[in-house]
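Take a look at the letters that make up each chain.
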Amino acid sequence: MQMHSNQSTGQTVLWSEADSWLGRTPKTGEDVVIPDGLTVVFDTSNIELGNLVIHGKAVFGKTDVSLKADNVVVFGEMSAGSEGSPHTHKAEIILTGKADDADIVLADLVDKQHGGMGMGEHGDHMGESIDNKSLIVAPGGTLELHGAKVDSWTQLSTTANIGDTSISLASA
């Protein structure tokens, strides 16, 4: 069963208050659709869903969040921080889809109110099935993940020889 919000557009709501904007708290493994015009702030530490389909906006709040979902499909926006204001908490997305789950067909998830407009040349692929355990940013969708700056690589301070059991790094 898919749960759809009953809130009007242009509103920002908290995930922890799903009873007020979704009608009730989603059960573990249940599909949830965030409609166009609604911004949902993930403000609870553990969220476990089936499929999460985002037509509006989903934002990781100012707390550690672990989002578990079979699949996440972003037609709208999903973000954690921004370039100017990086996210300083854990923002974890764990994909839990199973091999024997039904495949995803993006055309089945398109916001019918907008008729799939704006898909351009990518619209040709909307009817193709996609395996499970996917984070999909559909044409027109946005995924922005900005965290603390970290060194993604370094150099060795000395040559590593065959048989060495340790290495020395130029910077730790």
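Our subject is the structure listed above.
These numbers come from a predicted model, not from an experiment.

J.: When you look at the pattern of salt bridges in this model, what are you seeing that I'm missing?
T.: A side chain with one charge can pair with a side chain of the opposite charge if their charged atoms come near. Enumeration over the complete set of coordinates arrives at two salt bridges. Ionic pairing is found between Lys-90 and Glu-92, a salt bridge with its closest N-O pair at 3.6 Å. A residue is classified by how much of its surface remains accessible, and Lys-90, at 43% relative accessible area, is partly exposed. Glu-92 sits in the partly exposed class, given a relative accessible area of 29%.

J.: Mind showing me how you'd approach the side chain of Asp-31 here?
T.: Within the element layout of this structure, Asp-31 appears in strand 3 (residues 31-34). Buried and unpaired, Asp-31 has no salt bridge, with Arg-24 as the nearest side chain of opposite charge at 11 Å. Polar contacts involving the side chain of Asp-31 include one to the main-chain amide nitrogen of Asn-51, which spans 2.7 Å.

J.: Please clarify how the pairing of strand 3 should be interpreted in this entry.
T.: In the case of a regular strand, side chains alternate between the two sheet surfaces. Covered by surrounding structure in strand 3 are Asp-31 and Val-33 together with Val-32 and Ile-34, the residues of both alternating faces. In terms of strand pairing, strand 3 meets strand 6 (residues 51-54) through three bridges, oriented parallel. Residue pairing in the sheet places Val-33 in a bridge with Val-53 of strand 6.

J.: I tried to follow the sheet that holds strand 11 (residues 91-95) on my own but got confused; where do I start?
T.: Pairing between sheet strands relies on hydrogen bonds along the backbone, with the strands arranged either parallel or antiparallel. Strand order in the open sheet formed by three strands is 5-8-11, and the pairing between neighbours is parallel. In this open sheet, the two strands that pair with only one neighbour each are strand 5 (46-48) and strand 11. Taking the axes of each pair of neighbouring strands and ignoring which way they run, one obtains an average angle of 10° across the sheet. Pairing of strand 8 (residues 65-69) with strand 11, which is carried by five bridges, proceeds in the parallel orientation. Within the sheet, the bridge partner assigned to Ser-66 lies in strand 11 and is Glu-92.

J.: Hey, could you run me through the nonpolar core in this one?
T.: The nonpolar side chains of soluble globular proteins are, as a tendency, buried together. Counting 23 residues, the largest nonpolar core has Phe-42, Leu-52 and Met-78 as the members making the most contacts within it. Every element with two or more residues in this core is listed here: helix 1 (18-21), strand 3, strand 4 (38-42), strand 6, strand 7 (57-60), strand 8, strand 9 (71-74) and strand 10 (77-80). When near neighbours in sequence (up to four residues on either side) are disregarded, Leu-52 contacts Val-32, Ile-34, Phe-42, Leu-67, Asn-71, Val-72 and Val-73. In this structure, Val-33, Val-53, Val-73 and Phe-75 belong to the second largest nonpolar core, which totals eight residues.

J.: In this structure, what is going on with the packing of aromatic side chains? I would like to understand it.
T.: Each aromatic ring pair is characterised by the separation of its centres together with the angle its planes make. The full count for this structure, using the stated rule, is three aromatic pairs. Where Trp-15 meets Phe-42, the ring centres are 5.8 Å apart and the plane angle is 70°; that geometry is what we call edge-to-face. Of this pair, Trp-15 sits in the loop between strand 2 (11-14) and helix 1 while Phe-42 is found in strand 4, placing the two residues 27 residues apart along the sequence. Side by side, Trp-15 and Phe-42 carry an identical accessibility label, which is buried.

J.: Would you mind going over the environment of Ala-80 with me for this structure?
T.: In this fold, Ala-80 is placed in strand 10. Note: C-alpha distance between Ala-80 and Glu-144 (64 residues apart in sequence) is 6.4 Å. Contacts of Ala-80, omitting those with residues within four sequence positions, involve Phe-60, His-87, Ala-91, Glu-144, Leu-145 and His-146.

J.: Would you mind showing me how to read the sheet that holds strand 10 here?
T.: With parallel pairing, the five strands of this open sheet are ordered in space as 2-4-7-10-15. Each edge of the open sheet carries a strand with a single partner, namely strand 2 and strand 15 (142-145). Looking at each pair of strands side by side, their axes are set apart by 15° on average, direction ignored. In this structure, strand 10 lies alongside strand 15, joined through four bridges in parallel fashion.

Rules behind the numbers
Residues numbered from 1 in each chain as written. Predicted model: local features only at pLDDT ≥ 70, side-chain atom pairs only at ≥ 80, totals over all residues. Heavy atoms only, no water. Salt bridge = Lys/Arg side-chain N within 4 Å of Asp/Glu carboxyl O. Buried < 20%, exposed > 50% of the residue type's maximum accessible area, 1.4 Å probe, protein only. Helix = DSSP H or I, 4+ residues; strand = E, 2+ residues; numbered from the N terminus. Lys, Arg positive; Asp, Glu negative; His and termini not counted. Polar contact = N/O pair within 3.5 Å; in protein donor to acceptor, adjacent residues only side chain to side chain. Pairing = 2+ DSSP bridges. Axes fitted to C-alpha atoms, helices over the stretch in contact; angles between N-to-C directions. Core = buried A, V, L, I, M, F, W, Y, C linked by side-chain atoms within 4.5 Å. Contact = heavy atoms within 4.5 Å. Phe/Tyr/Trp six-rings, centres within 6.5 Å; stacked < 30°, edge-to-face > 60°.

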